[in-house]
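As a plain string of letters, each chain reads:
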Amino acid sequence: MQLYASLLLNLPSLSVNHVFALVLLACSVIVVKLLVKRRRGMRALEPFPGPPAHWLLGHVKEDQKTDGHDLEKIMKWSGQYPFAFPLWFGPSLSILNVHHPSYVKTILSTTEPKDDYAYKFFIPWLGDGLLVSAGQKWFRHRRLLTPGFHYDVLKPYVKLVSDSTKVMLDKWEVYAKSEESFELFKHVSLMTLDSIMKCVFSCNSNCQTDSGTNPYIQAVYDLCHLVNVRFRVFPYHSKAIFHLSPHGYKFRKATRIAHSHTAEVIRKRKEVLKIEKEQGIVKNKRYMDFLDILLSARDEHQQGLSDEDIRAEVDTFMFEGHDTTASGISWIFYNLACNPEHQEKCREEILQALDGKDTVDWEDLNKIPYTTMCIKESLRLCPPVPGISRKLTKPLTFFDGRTVPEGRQIIHIYGIHMNTTVWENPYVFDPMRFLPENVSKRSPHAFVPFSAGPRNCIGQNFAMNEMKVAVALTLKKYRLIKDPQHIPKMIPQVVLRSLNGIHIKIKPVENDL
């Protein structure tokens, strides 16, 4: 009995010691596994030297410094390590950062899938749409959606974008009268969201004048912001930590609102189409919106897309069709404000092309070549998507004989566009780079704001048209002026943003005549 009591008294201390030993052993095993994995990764990437990395944190500390100098640091490393260099996120996760057209061509010529690590944050919202899907599903969806971006479909969208742009410009009259500086991105983002709602759903959301009252509009805004937050906050890369955080709760709530809205719109549209078909009604609709394209798409077996697939593609287009173009247009306005001589040449060309009209028609888009070159030069200096990633499923050998193992690669679009071996004086705004004779001297992969190859941006013509319309109508009405008190600090998030906003001043053009 005394022996039994003695054992009971010693059990707690034995248990604590055992638990401590087991925890210590488990931690040791994890550390050893990570170190072994790191050693293997370093050996595989040995042909690609890069900046020194902390043995445990890698380059996480440098990557988390969101101070407006993020891109400067990447460009410094790009100058030290030509073509590509590895970046480490923690002890075992490595990504090869590619920043030369010759290497980019090798990667983008393949149909390798998007990186499941970087793009996984979109999946709860966007589902398995074109942005993140892979394999046969991606091939099938790409083939089914491509007709939706034919110029016959895009043509009527020009008027929709013109109408949305004019609403934005009317709101700017208060800034023209006060001559006060104002932040661009929030205005342009609402305009592109207004446009995309019309092009996707045939919905006049009035979001530019009734901002904040539409729950779906607010949900899309919140989701774009929260994906950026999760992308930048390293602990949020853990699904469990993000799920338990206030940001995770807000993300799930916004996702439910967005999915519910899209599903309801799809349901109602299908009911209308069913009634029209049963009653033999031929509806004389002015244009086919993106939802019409998705609902009517059929493959060679006459099979369409499921409701879940349609929702995923609609949500994908809502994101890619408004946030990226908002970034592109905002930076174009800023660059034109900083370069008044080029702005004036654009204005002269636009006034001649529009010939007194207060709107832009489809036929006008090809009448503004100098403006188009200025748009492209701004996209080079400030690419709306500063980087994209791929996950190689097999080793890939570059032109110089170096081989990269299977795994994650980042194509640093900003780094390519600023590469001094490709572009002379890369930080200077010079639209003449895009004269046909100059373009022909460069690699097609030296300028890739919409990516390239089989997985390029399916909506690039839509985006270019929207940017042309926005620039044309804006320069016709206002003179854009740089605000020296607010110099933007570029930060590479999901889209290229500014840490302190993008500010300009404006004044009416007629006041100068």
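In this text the structure is predicted, and so the values were computed from the model without any measurement.

**As for the overall build of the protein chain**
Helix and strand counts for the protein chain stand at 21 helices and 11 strands. A compact globule built from 513 residues would reach a C-alpha radius of gyration of about 24 Å, and the protein chain, at 26 Å, matches this within 12%. Seen through its principal axes, the protein chain has C-alpha atoms that stretch 105 × 65 × 50 Å. Classification of the 513 residues of the protein chain by burial places 51% in the buried group. Carbon and sulfur atoms provide 58% of the accessible area of the protein chain, an area that totals close to 24,800 Å². Each charge class in the protein chain can be summarised by its mean position, and for the 66 positive and 54 negative side chains these summaries are 6 Å apart.

**Things to note about the sheet that holds strand 8 (residues 478-482)**
Strand order in this open sheet of 3 strands is 3-11-8, and the pairing throughout is antiparallel. Sheet topology places strand 3 (182-183) and strand 8 at the edges, where each strand pairs with a single neighbour. Where strand 8 and strand 11 (residues 503-508) come together, 5 bridges link them in antiparallel fashion. Within the sheet, the bridge partner assigned to Lys482 lies in strand 11 and is Ile504.

**Some thoughts on the packing of aromatic side chains**
Across all of its chains, the model carries 27 aromatic pairs by this definition. With centroids separated by 6.1 Å and ring planes inclined at 50 degrees, the aromatic side chains of Tyr81 and Phe85 adopt a geometry described as tilted. Exposure remark for Tyr81: the relative accessible area of 17% places this residue in the buried category. When its relative accessible area of 0% is taken as the criterion, Phe85 is described as buried. The interplanar angle of 70 degrees and the centroid separation of 5.7 Å between the aromatic rings of Trp125 and Phe319 together place this pair among those described as edge-to-face. In this pair, Trp125 sits in helix 5 (residues 123-126) while Phe319 sits in helix 15 (residues 307-320), placing the two residues 194 residues apart along the sequence. Taken individually, Trp125 and Phe319 each receive the classification buried, so the pair is uniform in this respect. Following the ring pairs from residue to residue traces out a cluster consisting of Phe48, Phe83, Tyr103, Phe398 and Phe399. One residue, Arg497, lies across the ring of Phe185, its end atom 3.9 Å from the ring centre.

**Comments concerning the UniProt feature "binding site: heme" (unreviewed entry) in the protein chain**
Under the present numbering, the feature "binding site: heme" (unreviewed entry) in UniProt falls on Cys457. With residues up to four places along the chain from it excluded, the contact list for Cys457 reads Arg142 and Phe450.

**Overview of helix 17 (residues 340-354)**
Between its first and last C-alpha, helix 17 extends 21 Å over 15 residues, near the 21 Å set by a 1.5 Å rise per residue. Note on helix 17: the residue one or two positions beyond its end, Asp355, has a positive phi of about 50 degrees.

**Remarks on the pattern of salt bridges**
Taken as a whole and judged by the stated rule, the model has 25 salt bridges. Two residues, Arg143 and Glu300, come together in a salt bridge whose shortest N-O distance is 3.3 Å. Taken together, the positions of Arg143 in helix 6 (residues 135-145) and Glu300 in the loop between helix 14 (290-296) and helix 15 put the pair 157 residues apart, joining distant regions of the chain. With relative accessibility at 56%, the residue Glu300 sits in the exposed group. Between Lys367 and Asp364 there is a salt bridge, and its shortest N-O distance comes to 3.6 Å. Of the residues examined, Lys367 reaches a relative accessible area of 44% and is grouped as partly exposed. Using a relative accessible area of 4% as the deciding quantity, one classes Asp364 as buried. Overlapping salt bridges bring together Glu264, Arg267, Lys268 and Glu271 as one network.

**Here we look at a nonpolar patch on the surface**
Taken together, the side chains of Val31, Leu35, Trp55, Leu56 and Leu57 present a nonpolar region at the surface, about 430 Å² in accessible area. Mapped onto the elements of the fold, Leu35 is located in helix 1 (residues 2-44).

**Digging into the UniProt feature "transmembrane region" (unreviewed entry) in the protein chain**
In the UniProt entry, the feature "transmembrane region" (unreviewed entry) is given for residues 16-36. Spanning residues 16-36, this segment combines 100% helix with 0% strand, and its end C-alpha atoms are found 30 Å apart.

**Re the packing of helix 10 (residues 185-201) against helix 15**
Helix-helix packing is described using two parameters, namely the angle between the two axes and the distance between the axes. Their axes nearest at 9 Å, the elements helix 10 and helix 15 cross at an angle of 155 degrees. Here helix 15 runs roughly antiparallel to helix 10, going by the angle between their axes. Once helix 10 is placed against helix 15, the crossing between them reads as right-handed. Seen from helix 10, the contacting residues are Leu193, Ile196, Met197, Val200 and Phe201; seen from helix 15, they are Val314, Phe317 and Met318. For the contact of helix 10 with helix 15, the per-class residue count stands at 8 nonpolar, no polar and no charged.

**Quick look at the environment of His445**
Relative to the helices and strands, His445 is located in the loop between helix 20 (436-439) and helix 21 (460-477). Its relative accessible area of 11% is what places His445 among the buried residues. Taking the C-alpha atoms as reference, His445 lies 25 Å from Tyr334; in sequence the two are 111 residues apart. Each residue touching His445, except ones within four places of it in the same chain, is listed here: Pro101, Val104, Lys105, Leu108, Ile416 and Ala452.

**Here we look at helix 6**
Given 3.6 residues to a turn, an α-helix orients residues that are three or four positions apart in the same direction. Where helix 6 is concerned, the buried positions are Trp138, His141, Arg142, Leu144 and Leu145. Buried residues along helix 6 cover an arc of 165 degrees about the axis, so they all sit on one side. In this structure, the buried residues of helix 6 make contact with helix 14 and helix 15.

**Focus: unusual backbone geometry**
A positive phi is found at Glu179, a non-glycine position, where the angle reads about 60 degrees. The backbone of Ser451 shows a phi angle near 65 degrees, a positive value even though the residue is not glycine. Structurally, Ser451 can be placed in the loop between helix 20 and helix 21.

**Quick notes on the nonpolar core**
Grouped together as the largest cluster of nonpolar side chains are 73 residues, with contacts concentrated most on Trp125 and Met318. Broken down by element, the residue count for this core peaks at 9 residues, all from helix 11 (residues 215-232). Not counting residues up to four positions away in its chain, the partners in contact with Met318 are Leu193, Ile196, Met197, Val200, Phe201 and Tyr216. Ranked by size, the runner-up nonpolar core spans 59 residues in total, among them Phe185, Ile332, Phe450 and Leu496.

Scoring rules and cut-offs
- Residues numbered from 1 in each chain as written.
- Predicted model: local features only at pLDDT ≥ 70, side-chain atom pairs only at ≥ 80, totals over all residues.
- Heavy atoms only, no water.
- Helix = DSSP H or I, 4+ residues; strand = E, 2+ residues; numbered from the N terminus.
- Rg over C-alpha atoms; globule rule 2.2 N^0.38 Å.
- Buried < 20%, exposed > 50% of the residue type's maximum accessible area, 1.4 Å probe, protein only.
- Areas by Shrake-Rupley, 256 points an atom, 1.4 Å probe, with all protein chains shown as cover.
- Lys, Arg positive; Asp, Glu negative; His and termini not counted.
- Charge placed at Lys NZ, Arg CZ, Asp CG, Glu CD.
- Pairing = 2+ DSSP bridges.
- Phe/Tyr/Trp six-rings, centres within 6.5 Å; stacked < 30°, edge-to-face > 60°.
- Lys NZ or Arg CZ within 6 Å of the ring centre and 35° of its normal.
- UniProt positions renumbered as here; feature names shortened; annotations may be inferred.
- Contact = heavy atoms within 4.5 Å.
- Expected span 1.5 Å × (residues − 1).
- Salt bridge = Lys/Arg side-chain N within 4 Å of Asp/Glu carboxyl O.
- Patch = residues over 30% accessible without salt bridge, like charges linked within 9 Å, V, L, I, M, F, W, Y side chains within 5 Å.
- Axes fitted to C-alpha atoms, helices over the stretch in contact; angles between N-to-C directions.
- Parallel < 35°, antiparallel > 145°, perpendicular 65-115°, else oblique.
- Left-handed = near helix turned anticlockwise from the far one by under 90°.
- Nonpolar A, V, L, I, M, F, W, Y, C, P; charged D, E, K, R; others polar.
- Arc of directions from axis to C-beta.
- Core = buried A, V, L, I, M, F, W, Y, C linked by side-chain atoms within 4.5 Å.

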